[in-house]
Amino acid sequence: MTFLSPADAEQLRLAFQRCRDMDGTLNEQLRAYADASRKVFPAYGEAVDRLVARLNGNGGGETAPRPGDPMPPFMLPDEGGRLVSLPSLQARGPVAVMFFRGHWCPYCRLNVRAVVQSVDRIKAMGAQVVAIMPETQEYTGQLKAESGAPFPILTDLDNGYALSLSLAIWLGAEIQQLLSYQDMAKFHGNDGWMLPIPAVFVVGRDGIVKARFVDPDFRKRMEIDDLIEALERASREN
C-alpha cells in the first residue's frame, strides 16, 4: 500500500493553492486539483476511481430527494452549538442545503470558497446557504474561520441526516488506508469512516426541492452559476 509522504503532502498543499488562486469556474479548479493530485498521489486517484465506480454501480445518491419532492426537515447544531432547523431557514426564503465531506477535503474547501465569493449575489435575492458536514463543532468552526463563511456550518454527527437522504457512504478499506494520515475518528467523534456524497438541494419556502446536484464523484460539484440560477428561480416562485 502506498502512503502519502511529507514531501508529497507539501506538493498537494502547493497544488491546492495554485488551483484556489487560478481564474476559472469551480469545476475547472476542481479538475486542475484532481489532475495535480493524481500525479502526486496516483494510488489515491485510482482508488477514488474504483470507489466512484462502485457507488455508481450501486445507484449512490439516486434516491435522495428530487425536484418536486418535499425536503425532509432537520435540526442540527451550528459551529457555535446553536440549533438550526430547515423550517426556520426556509421561512426567510429559498435555501441551498449543501453537504460537504469535511474541513480536511480540498475539493470541499474550494467549493466553500466559491460559494463564499457569491454570497452577496445570493443574499441580494433573499436566498440563503447552509452547509452540513459529519464533523464535530471544533472542525466545522475551523472551516468557517478559514473560509470566512457567513452562513452556518452544521454538524451531522454520525451522518444521521445524510443517512436519511441515502447520501451516507462507507469509504471502504482501501481508501481508509490511503487516508490514514487524516484523523477521521477525531474529526467525526467515531471510527466509522462514513462520509456524505457531496450534494446540493435548493429548497423553496414551501419546503419543496426545486433543484438538486448529487454526484458520487466528490471531485465534481454544482457549478456556482447553476446554483445562483436555481436560487433565482426558487425566489421567483415564492
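Residues numbered from 1 in each chain as written. Predicted model: local features only at pLDDT ≥ 70, side-chain atom pairs only at ≥ 80, totals over all residues. Heavy atoms only, no water.

## A look at the overall build of the chain
Where we set the bar: In DSSP terms, a helix is any run of H or I states spanning at least four residues, a strand is any run of E spanning at least two, and both are numbered starting from the N terminus. Radius of gyration means the value over C-alpha atoms here, while the globule rule gives 2.2 Å times the residue count to the 0.38 power. Classification of residues uses two cut-offs on accessible area relative to the type maximum, computed with a 1.4 Å probe and protein chains only: under 20% is buried, over 50% is exposed, and between them is partly exposed. Contacts are assigned to residue pairs with any non-hydrogen atoms lying within 4.5 Å of each other. Each accessible area value is a Shrake-Rupley result obtained with a 1.4 Å probe; residue values ignore everything except the protein chains displayed when judging cover.
When its secondary structure is counted, the chain shows 11 helices and nine strands. Over its C-alpha trace the chain gives a radius of gyration of 17 Å, about what one expects of a compact globule, namely 18 Å for 238 residues. Buried residues in the chain amount to 54% of all 238 residues. Here the contacts in the chain between residues at least 6 apart in sequence split such that 72% fall between residues at least 24 apart. Summing over all exposed atoms, the chain offers an accessible surface of approximately 10500 Å²; the carbon and sulfur share of this is 50%.

## Some points on unusual backbone geometry
Apart from glycine, the bulk of residues carry a negative phi angle, and the bulk of peptide bonds sit in the trans form. Here S166, not a glycine, exhibits a phi torsion of approximately 60°, which is positive. Looking at the element boundaries, S166 is found in the loop between α8 (160-164) and β6 (168-170). At W193, a residue that is not glycine, the phi angle is positive and equals roughly 55°. Summarising the element assignment, W193 is placed in the loop between α10 (184-188) and β7 (194-196). Classification of W193 by relative accessible area gives buried; the value is 10%.

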